[in-house]
Amino acid sequence: MKKLLMKGLLLLSLCSVIILVSQAQQRQIGEAGLQDTLLLKDYRPQSIFKTPQTPVLKAKYPAIDMHMHAPRGGGDLNKAAAELLKSMDECGIGKTILFCGTGKAFDNAAAVFGKYPDRIEVWCGLDFSGSVPTSTIAELERCVKLGARGVGEVTDKGAGLRGATPPMHFDDARMDPVLEKIAELNLPINVHVGDPRWMYEPMDSTNDLLFEALYFRLDNKPDILNLEQVVATLEGALKKHPRTTFVACHFLNQTFDLNRLGAMLDKYPNLYSDVSQRESYVAAIPRFAKQFMEKYSNRLVYGTDQGYSLPMYRNTFHIWETLDEHFYAWDVANTRFALSGVGLSDATLKKLYRDNALRILKK
Ligand SMILES: [Zn+2]
């Protein structure tokens, strides 16, 4: 009887060992499988840190959004205007600067969005499709008559100003009369120069912003000016046109080297920068970004540039206003960086959201 019991126990423990081994094996196989099958693009981690998370529903000060677009490619503009105004109300955005393009696109957008001049300011682009500068200036003056209060977004990612043939950059002699006319009409101009540094880097496993970089990549366009070169063309224009107020958008695409933007701001009093579309980048370097933004608090303006959704605005407030750490906003911020709040001081926040923009808009 005792022998039988011993045999039974032995068998039982053997079975347990077999079960444990097979479970461990299974876990190993499972992990190895995930390593081999989970694609980075599908990786959507959620923070489990028990740290303060303080979502911000409304901007702390009535904000002026200095960088937003009318819907490109048509659609129901009345519906879009209603959506924009509703989001602005819910998020505490007092005024939006809306880039509306040129020609028919401008006319259509201005006719709808221009109905709310207290809330929405329509700006026009620059038309380079005809003879520059003559027809560019003619179209500018026409748009101003229809209500344009500024110019933007005018883009050169290194291949030349969008729409210009033959290619030319901001410092081209043909641009001189255009930029002087803009000053004469008391209009600010929003310029997009180059793109973030990661877009020029090799598209491989070391690229810190690989997925966004792949989408906007410039490394495969060897004939364009590189970031430093295209920024130099803006410098040429800043030097030649001190009366013209330039707002270089997206931190002048210098979020990888904010001191470079700082040096430009030191040198050119006619230069401002908007922080649109880059809050999720500097959320990776919140302490350094805060130092920079406090130092240059008179020269930076708030902007969004990412559609009219509530989560989009609220992610920007979360980053600028709080010191929360390690959060994600996958619905609006696809950087793959864990985000941390920059936590600007009240004084700087007020200038960023409002006071600096008012100064620019009054000119
Ligand atoms: Zn934009």
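> Explain the overall build of the protein chain to me, please; I cannot follow it from the model alone.
For the protein chain, the count of helices and strands is twelve helices and eight strands. For the protein chain, the C-alpha atoms occupy an extent of roughly 110 × 45 × 40 Å along the three principal directions. The proportion of buried residues among the 363 residues of the protein chain is 42%. Summarising the internal contacts of the protein chain: among those between residues at least 6 apart in sequence, 74% fall at separations of at least 24.

> What is the right way to look at the packing of helix H4 (residues 134–145) against helix H5 (residues 176–184) in this model?
Each packed pair of helices is defined by two parameters, the angle between the axes and the distance between the axes. One way to put it is that H4 packs onto H5 with a least axis distance of 9 Å and a crossing angle of 20°. When the axes of H4 and H5 are compared, the pair comes out roughly parallel. Remark: the crossing between H4 and H5 carries right-handed chirality. For the pair H4 and H5, the contacting residues are Thr 136, Ile 137 and Leu 140 in the first and Pro 177, Val 178 and Lys 181 in the second. The class makeup of the residues in the contact of H4 with H5 is four nonpolar, one polar and one charged.

> Help me understand the environment of Leu 271, please; the structure alone is not making it clear to me.
The topology assignment puts Leu 271 in strand S7 (residues 271–274). Leaving out residues up to four positions away in the same chain, Leu 271 has contacts with Leu 238, Phe 246, Ala 248, Met 264 and Leu 265.

> Is there a simple way to think about the sheet that holds strand S8 (residues 300–301) in this case?
The strands making up a sheet associate through hydrogen bonds between their backbones, and the pairing can be parallel or antiparallel. Taken together, five strands build an open sheet; the order of strands is S4-S5-S6-S7-S8 and the sheet is parallel. Where the open sheet ends on each side, the last strands, each with one partner, are strand S4 (151–156) and S8. Bridge count between strand S5 (residues 189–193) and strand S6 (residues 246–248): three bridges; the pairing is parallel. Each bridged residue has a counterpart across the sheet, and for Ile 189 the counterpart in S6 is Phe 246.

Reading the values: the criteria
- Residues numbered from 1 in each chain as written.
- Predicted model: local features only at pLDDT ≥ 70, side-chain atom pairs only at ≥ 80, totals over all residues.
- Helix = DSSP H or I, 4+ residues; strand = E, 2+ residues; numbered from the N terminus.
- Buried ≥ 20, exposed ≤ 12 C-beta atoms within 10 Å, placed from the backbone.
- Contact = placed C-beta atoms within 7 Å.
- Axes fitted to C-alpha atoms, helices over the stretch in contact; angles between N-to-C directions.
- Parallel < 35°, antiparallel > 145°, perpendicular 65-115°, else oblique.
- Left-handed = near helix turned anticlockwise from the far one by under 90°.
- Nonpolar A, V, L, I, M, F, W, Y, C, P; charged D, E, K, R; others polar.
- Pairing = 2+ DSSP bridges.

From the geometry alone we can't say anything about function, so treat these as descriptive.
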